[in-house]
Amino acid sequence: WLKPPWAAKGGRGPPVGVGGAGPGTSASAEMTTRGWCQARLVKALYAGGLIMLGMTIQILVPKMQMCAELLERDLIAVPRPAAGAPPWAAEAAAPGASPPAATATGFAAGQAPVAAPSAPPPAAAVPEIPTTTTPRPVAQIKLIINSHAWYRVPLTVLLRSMAEAGFTRWDDVVIFVGGSTQHVPPHDPPPQFAHLAPAGTTFVNTTLNNFDFNAYSGLYHYRSHPRVRAHSYLVLHDSCSVGKAFPGIFDRMTDVKPFQVRTAPKPSHNICVFGSGVVERYKTNFDVNASKVDGNVIEHSKAHSPPVNGMFVVDHFADEVMWLPNRVQQDAVDIYSSGNMRTKFYLPAFDVTKFVLIMKMGEFGEGGKVQQAVPFRR
């Protein structure tokens with residue numbers, strides 16, 4: 001294809017009148033032949049480049065439109081608190097939407113729970129919540145669980161796995177429930193979880209709706225509360241389960257430095273350990289009603305990455321980051337019997353499994369309507 005037509009006839013150069021040379025000429029004819037071939041090659045590469053550009057545009061334009069729709073929806077659906085208002089001042093419900101009304105405990109009383117093994121029935125009524133503030137010694141480490149008012153089923157699965165693993169340090173467990181209709185300070189377990197979370201477990205409710213970071217925000221505001229304060233913290237999410245080794249691993253976490261973060265390489269599902277100094281340093285960094293897109297970006301962010309919707313990743317506030325073993329991707333399971341397959345990611349440093357609805361969201365929120373979510377990376 002790249003040979004000039006006269007090459008097939010055995011000539012060394014173009015015929016007379018083509019390039020000014022005749023058959024059998026020497027170096028000048030060879031240069032003319034080479035130039036002809038190069039021109040054909042350039043044209044071919046140019047045509048191929050145009051084809052690739054067209055294909056790329058066809059692929060990227062729909063993706064960009066979907067991203068824009070997600071961003072627009074999230075910015076409309078999640079109002080920001082007014083200037084000077086407390087971080088939980090804005091309700092999480094979208095304008096015009098009618099999500100299940102959450103009770104004071106933060107769990108939707110009218111929500112039909114997704115089937116799960118031995119899931120407790122919703123309580124008919126929620127009594128006044130006790131707010132025990134009995135003085136407690138400052139714990140070496142607290143287990144912080146990030147949850148949401150609509151995520152009662154995942155939280156049930158997590159708490160059951162902790163009990164089955166032989167976990168006993170319930171006085172050192174604090175569960176932050178985002179997306180609640182009202183803010184409730186640290187209190188005893190609500191009736192729905194009395195059989196799973198023994199006495200001593202602490203619940204905190206906030207109207208903040210920040211996906212993975214409701215607990216990070218609440219932790220700063222209650223860092224001095226006797227039921228919350230500790231020298232260090234391990235943050236998990238309700239969409240996790242723990243293995244038999246977890247209680248022992250938790251017991252041995254006694255040497256976390258005040259300004260240290262321990263985490264697996266990104267993405268690590270925002271599951272990590274950090275000292276109390278990190279909490280003091282990040283302050284109100286997470287007091288933002290964020291979108292799933294924001295959460296995906298932060299999950300892939302590094303300590304030096306710019307802020308996302310005003311939020312830096314927690315590593316940004318550490319003096320030292322200790323890197324733990326990488327997560328291990330495993331099979332997919334319908335862990336919550338909802339008809340949605342979640343991929344298992346195992347974090348060996350904690351003996352914790354995170355169940356991820358890859359590139360989707362809304363299994364329990366959004367009225368149970370699963371939607372596409374784009375995993376932005378930085």
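Please refer to the structure placed before this passage.
Residues numbered from 1 in each chain as written. Predicted model: local features only at pLDDT ≥ 70, side-chain atom pairs only at ≥ 80, totals over all residues. Heavy atoms only, no water.

Student: Describe the overall build of the chain, and please don't skip the residues or the numbers.
Tutor: Helix and strand counts for the chain come out as six helices and 14 strands. Expressed as a percentage of its 378 residues, the buried residues of the chain come to 49%. Pairs at least 24 apart in sequence give 69% of the contacts found in the chain among residues at least 6 apart. Of the accessible surface of the chain, which amounts to about 17,500 Å², a share of 61% is contributed by carbon and sulfur atoms. (Helix = DSSP H or I, 4+ residues; strand = E, 2+ residues; numbered from the N terminus. Buried < 20%, exposed > 50% of the residue type's maximum accessible area, 1.4 Å probe, protein only. Contact = heavy atoms within 4.5 Å. Areas by Shrake-Rupley, 256 points an atom, 1.4 Å probe, with all protein chains shown as cover.)

Student: Explain the environment of A215 residue by residue, including any values.
Tutor: Mapped onto the secondary structure, A215 falls in helix α3 (residues 214-221). On the basis of relative accessible area, A215 is assigned to the buried category, the value being 1%. Remark: the alpha-carbon pair of A215 and I144, spanning 71 residues in sequence, is separated by 7.0 Å. In this structure, A215 is in contact with I144, I145, N146 and F176, ignoring residues within four places of it in sequence.

Student: Got a sec to walk through the pattern of salt bridges? Specific residues and values, please.
Tutor: Per the stated rule, a full pass over the model turns up 10 salt bridges. Across the pair D251 and R169 runs a salt bridge whose closest N-O atoms are separated by 2.9 Å. With D251 in helix α4 (residues 246-251) and R169 in the loop between α2 (152-164) and β2 (173-178), this residue pair connects regions lying 82 residues apart in the sequence. In this structure D251 comes out as partly exposed when scored by relative accessible area, which is 42%. (Salt bridge = Lys/Arg side-chain N within 4 Å of Asp/Glu carboxyl O.)

Student: Can you break down the sheet that holds strand β6 (residues 240-242) residue by residue, with the values?
Tutor: The four strands are arranged β6-β12-β11-β10 in an open sheet whose pairing can be described as antiparallel. Two strands close off the open sheet at either side, each with one partner strand: β6 and β10 (328-333). Neighbour-to-neighbour, the strand axes of the sheet open up by a mean angle of 25°, direction not taken into account. (Pairing = 2+ DSSP bridges. Axes fitted to C-alpha atoms, helices over the stretch in contact; angles between N-to-C directions.)

Student: Run through the nonpolar core, naming residues and quoting values.
Tutor: Residues L143, I145, L159, M162, L234, F246 and F350 are the most contacted members of the largest nonpolar core, which totals 34 residues. Within the residue set of this core, elements represented by two or more residues are β1 (142-148), α2, β2, β5 (232-237), β6 and α4. Among the elements that line this core, the one with the most residues is α2, at four residues. Ignoring any residue separated from it by four or fewer positions in sequence, one finds L159 in contact with I145, W170, I175, F193, L196 and A197. By size, the runner-up hydrophobic cluster in this structure holds 32 residues, among which are A215, Y220, C272 and V278. (Core = buried A, V, L, I, M, F, W, Y, C linked by side-chain atoms within 4.5 Å.)

Student: Before we move on, can you summarise the packing of aromatic side chains with the specific residues and values?
Tutor: Throughout the structure, instances matching the rule amount to 16 aromatic pairs. Measuring from centroid to centroid gives 6.0 Å for F167 and F246, while their planes differ by 35°, and the two rings are tilted. Of this pair, F167 sits in the loop between α2 and β2 while F246 sits in helix α4; the two residues are 79 residues apart in sequence, bridging distant segments of the chain. Ring centres 6.3 Å apart and planes at 45° place the aromatic pair Y233 and F274 in the tilted group. Here F274 lies in strand β8 (residues 272-275) and Y233 lies in strand β5, a separation of 41 residues in the sequence. Here F274 falls in the buried class, since its relative accessible area comes to 0%. Among the aromatic residues, ring-to-ring pairing joins F213, Y216, Y233, F274, Y282, F286, F312 and F317 into one connected group. One cation-aromatic arrangement involves R223 over Y220; the distance from NZ or CZ to the ring centre is 4.1 Å. The aromatic ring of F345 is capped on one face by R327, whose charged end is 3.9 Å from the ring centroid. (Phe/Tyr/Trp six-rings, centres within 6.5 Å; stacked < 30°, edge-to-face > 60°. Lys NZ or Arg CZ within 6 Å of the ring centre and 35° of its normal.)

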